[in-house]
Amino acid sequence: MSSRDFVYRKFSDFYSDPATVIPSPSSLGQREIGFLLFKERIMLRHKIFASIDDLKLFLSEEVPSDVYRSCAYYENPAAEMDKKGWLGADLVFDIDADHIPTSCNKLHDEWTCKKCGFADKGEPPKQCSKCGGQKFDTKTWVCEQCLGSAKEETTKLIDILQNDFGFSNKEIHVFFSGHRGYHVHVETEAVKSLDTMDRKEIVDYVTGLGLSISKRERKQASKFFLSDFAWNKRIKQGMSKFISDTTIDDLKNIGLKSAISNIIFTKKELILRKCIGEGLWESVPGVSVGTWRKLSEYVKELESSKIDTVVTTDTHRLIRMNGTLHGKTGLKKVEFPLGSLDDFDPFKKAVAFKEGTVKLYVSDVPEFRLGENVFGPFERETVVLPTAAAVLLICKGRAEVAK
Ligand SMILES: [Zn+2]
Ligand SMILES: [Zn+2]
């Protein structure tokens, strides 16, 4: 059996299994449903289903590699794009390790120049250093560190949605995407009618874009000031965290002069108490308004959430459907309670295939964990692995079913 047939058969088993539950999106009948088909690798769009049972039957018959549904609500979801009758859309956020600078990509990602075949680790460059080519084949992996970073960004986003926008726990839904990150959906009447520009403003707020710190009336322009609201408060808290743990090198690395870095480092207590605590920013001689601004800019970067901005602004976006399999991993997109984000373990909760083992030839893969078990690293070897691990490696282009 070819590796593709093997994965297809596993996906087929999953969707045919009566025990598989696909939670219905709200107002299913107003959503556009889309699929990526295994065999033809084509996208089927503009589908409509009256019930989740009809949809599940379709999945078991067609066996798509990926299943999507619109964030939007339409009068007629099956019509062409401009004839659908847009009724509104949920507010959605995508946090993907691809958009977060992590150091682990040097360890587990690879690129190969399509023109000359030169290959190296990490993210592909703009231009191949050997031939100047600009097209690359890439091989990525998803590790605990990638997903840990994505979770941190998700935590910051949720904090902003709850505390700055005032959305309730009931209105915010959080999901593991099934691959390299998390999705956050806000479903409530208040967001439905927001247009692209409105959503762009929300994106700017979440990412801290265009935020100018300490802009007061002209006569006080020479003073540094942070209020106790919204981003000001966020920066204050972030600054407190940063100053508490900082080293002289950290301070120098953000571009502060040695002398100033020394002052900040030795006066930590005073800064935390007087400057941040009481708002008396001029209490530390030698630390100017400019320095506080520079620190605030840096802290803003730490506190902003690294979302994929185009997903949020697109009011017609298709997003992966909860409970379905990701074609690049064989893991499920799963929803979990907001309160359990800290403890959520994607490598456990998203595992779809729990039975059987498969003999594989693995080209290369770093050490990885699924459930309680740690596997690899493997390099050019034949191994027997549990089905979920086998599907993951094949989907990620790291292994083939062994004869
Ligand atoms: Zn090249
Ligand atoms: Zn990683």
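By convention here, each chain's residues receive numbers from 1 onward along its written sequence. As a convention, the first chain written is A and the first ligand written is 1, with the rest following in written order. Reporting in this predicted model follows two pLDDT cut-offs: at least 70 for local features of residues, and 80 or more for side-chain atom pairs to be given and counted; totals over whole chains, interfaces and linings ignore these cut-offs and use all residues. Note: side-chain values were computed over all heavy atoms of the structure, leaving out hydrogens and water.

- Looking at an unreviewed UniProt entry, one finds the chain named DNA primase small subunit PriS and attributed to miscellaneous Crenarchaeota group-1 archaeon SG8-32-3.
- UniProt positions are given in the numbering used here, feature names are shortened, and annotations may be inferred rather than shown by experiment. For the chain, the Sequence similarities (unreviewed entry) comment in UniProt is given as "Belongs to the eukaryotic-type primase small subunit family."

## Considerations on the sheet that holds strand S9 (residues 136-139)
Turning to step 1, where the next piece is worked out: What the three strands build is an open sheet, ordered S8-S7-S9; its pairing is antiparallel. Among the strands making up the open sheet, the edge pair consists of strand S8 (119-121) and S9. Strand-to-strand twist of the sheet, defined as the mean angle between neighbouring strand axes without regard to direction, takes the value 20°.
Turning to step 2, where the next piece is worked out: DSSP calls a pair of strands paired once it identifies at least 2 bridges connecting them. Strands are runs of DSSP state E lasting at least 2 residues, helices are runs of H or I lasting at least 4, and numbering of each runs from the N terminus. Across three bridges, the pairing between strand S7 (residues 110-113) and S8 is antiparallel. Within S8, the position partnered with Trp111 by the bridge is Asp120. In this description, a line fitted to the C-alpha atoms serves as the axis of each element, helices being fitted only across the stretch in contact, and the angle between N-to-C directions of two axes falls anywhere from 0 to 180 degrees.

## Structural notes on the coordination of the zinc ion (ligand 1)
Turning to step 1, where the next piece is worked out: Counted as coordinating are nitrogen, oxygen and sulfur atoms within 2.8 Å of the metal, or 3.2 Å for Na, K and Ca, while water is not included, which may make sites look incomplete. Taken together, the protein donors to the zinc ion (ligand 1) comprise Cys113 (SG), Cys116 (SG), Cys128 (SG) and Cys131 (SG), at separations of 2.3 Å.
Turning to step 2, where the next piece is worked out: Working rule for geometry: tetrahedral if four donors all subtend angles between 85 and 135 degrees; square planar for four, octahedral for six, if opposite donors exceed 155 degrees and the others stay between 65 and 115; irregular in every other situation. Around the zinc ion (ligand 1), the four donor atoms are arranged such that angles at the metal cover 101 to 113°; this shape is classified as tetrahedral.
Turning to step 3, where the next piece is worked out: Cys128 sits in the buried class, given a relative accessible area of 4%.
Turning to step 4, where the next piece is worked out: By relative accessible area, Cys131 is classed as partly exposed at 30%. Burial classes follow relative accessibility: with a 1.4 Å probe on protein chains only, a residue under 20% of its type's maximum area counts as buried, one over 50% as exposed, and anything between as partly exposed.

## Some points on the layout of surface pockets
Turning to step 1, where the next piece is worked out: Grid points spaced at 1 Å and placed over the protein atoms alone form the basis of the search, with a cavity being a set where a 1.4 Å probe fits but cannot get out and a pocket an open set showing protein on both sides within 12 Å along at least five of seven lines. Lining residues have an atom within 4 Å of a point. Grid points are joined across faces, edges and corners, and a volume is the space filled by probe spheres set on the points. Space inside the largest pocket adds up to approximately 900 Å³.
Turning to step 2, where the next piece is worked out: Every residue lining the largest pocket is counted, 33 residues in all, and those nearest its centre are Asp66, His179, Arg320, His326 and Lys328.
Turning to step 3, where the next piece is worked out: Elements with a minimum of two residues in the lining of the largest pocket: helix H1 (3-16), strand S3 (64-70), strand S6 (91-96), S9, strand S12 (318-320) and helix H14 (387-395).
Turning to step 4, where the next piece is worked out: All residues other than Ala, Val, Leu, Ile, Met, Phe, Trp, Tyr, Cys, Pro, Asp, Glu, Lys and Arg, Gly among them, are scored as polar; the first ten of these are nonpolar and the last four charged. Across the lining of the largest pocket, the residue classes tally to nine nonpolar, 11 polar and 13 charged.
Turning to step 5, where the next piece is worked out: In this document the domain limits rely on a domain assignment from an automatic tool or a database. Residue-level mapping places the lining of the largest pocket at the junction of two domains, with at least three residues from each of domain 1 (3-96 + 163-201 + 308-347) and domain 4 (353-403).
Turning to step 6, where the next piece is worked out: Roughly 420 Å³ of volume is contained in the second largest pocket.
Turning to step 7, where the next piece is worked out: Around the second largest pocket sit 16 residues that line it, and Lys156, Gly238, Lys241, Leu302 and Glu303 are the ones nearest its centre.
Turning to step 8, where the next piece is worked out: By residue number, the principal contributor to the lining of the second largest pocket is helix H7 (residues 230-245), which donates six residues.
Turning to step 9, where the next piece is worked out: Residue composition of the lining of the second largest pocket, by class: two nonpolar, four polar and 10 charged.

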